[in-house]
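# Observations on the three-dimensional arrangement
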Amino acid sequence: MPTKRTGQKLLRFDRALGVRRVAGADEAGRGPLAGPLVVAGVLLDYELLRDHRVRPLALLNDSKQVDPETRDELYRAVLSCAERVSVQVFPPAVIDRDGLHRCNLKGLRQALWACQPADVALVDGFKLGPAAPPHRAVVDGDCKSAAIAAASIVAKVTRDRYMHTADALYPGYGFASHVGYITPAHTQMVRERGPCEIHRRSWRARAYLTADAVD
Amino acid sequence: MWLAGGELDLVVRRGRTIAFVEVKSKAGCGFGDPLEMVTPVKIERLRRAALAWLAAHPELEALDVRFDVVAERAGRIEHLPEAF
């Protein structure tokens, strides 16, 4: 359970940038065997987020650090506080075709373009190159900046909700519980039944499947 | 080389691209596919190490970054570009 102090720390980081509008971008779904990569961008206007208006974000934290209920609550809070929210979805077939890192960078660029006008744009991890709007890369950004943490919440919740739907469409794989990540049960199921439409066919999937199952 | 808690096997530059290459070979037998050892946790460590490496080489900041895996599978050397 996150404390309000964490949220305050994240908000302080953004405010210390000394500008009005801060955009943040982050992704969810780099690690799984199945399902999309989801990249989100959030634009926060700190001129408007004063006093009680910022209160919903007080529990803000990196999406990996909070339980699902708090994450849903934070998702609603971000949607109510943000000036702009952008979500880019990269389906498994596109990840297989273009590569995960490339999709990731493309999504982060698009997310930051969608969150203009920003005075400062922040991204978790790698620099995005000249095709992106001016930005700063922050290592461990989701634990430092409120805008990036907000984007990580939106990406994670959007992806998890899709994977719950996918569980109904492709029953038996357990997508509602592991949301596509590698668990012994998930690996076992793929080996027995073969991959379904939303399993990534790239190299890591091949490592978990028999050669027959992939072809 | 070890950086930020992760180990980089190879850093290769060709033109405007810099590739961080993870090399995996099957050590002994009965441990499954070597690619299975490239876990999400391992991948996050490699990304961190790459970030630390790039931070130490600011002149290369504008290059495109790529992550490859080279693995020995079933007696063959397999190169997986853009692996993660």
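All of these numbers come straight from a predicted model, not from anything done at the bench.

## Focus: unusual backbone geometry
- Residue A:Pro117 follows A:Gln116 across a cis peptide bond; omega there is 0 degrees.
- Considering the arrangement of structural elements, one finds A:Pro117 in the loop between α4 (100-114) and β4 (120-124).
- Despite not being glycine, A:Asp140 has its phi angle at roughly 60 degrees, a positive value.
- Within the secondary structure, A:Asp140 is located in the loop between β5 (136-138) and α5 (146-169).
- The residue B:Glu82 is not glycine, and still its phi comes out positive at about 50 degrees.
- On the basis of neighbour counts, which here come to 18 C-beta atoms within 10 Å, the residue B:Glu82 falls in the partly exposed class.

## What to know about the sheet that holds β4(A)
Residue and element names in this part refer to chain A.
- Taking strand neighbours across the sheet as the criterion, the five strands line up as β3-β2-β1-β4-β5 in an open arrangement whose pairing is mixed. The two strands at the open ends of the sheet, each matched to only one other strand, are β3 (84-90) and β5. Neighbour to neighbour, the strand axes of the sheet diverge by 20 degrees on average, direction disregarded.
- In the sheet, strand β1 (residues 21-28) pairs with β4 via four bridges, with the strands oriented parallel. Within β4, the position partnered with Gly-24 by the bridge is Leu-122.

## Focus on the confidence of the model for chain B
Residues and elements named next belong to chain B.
- Across chain B, the average pLDDT comes to 84, with 92% of residues at 70 or higher.
- Per-element mean pLDDT across chain B ranges from 75 in strand β1 (residues 2-3) up to 94 in strand β3 (residues 10-14).
- Among the scores for the predicted complex, ipTM is 0.79 and pTM is 0.89.

Cut-off values and rules
- Residues numbered from 1 in each chain as written.
- Chains lettered and ligands numbered in written order.
- Predicted model: local features only at pLDDT ≥ 70, side-chain atom pairs only at ≥ 80, totals over all residues.
- Helix = DSSP H or I, 4+ residues; strand = E, 2+ residues; numbered from the N terminus.
- Buried ≥ 20, exposed ≤ 12 C-beta atoms within 10 Å, placed from the backbone.
- Pairing = 2+ DSSP bridges.
- Axes fitted to C-alpha atoms, helices over the stretch in contact; angles between N-to-C directions.
- pLDDT = per-residue confidence, 0-100.

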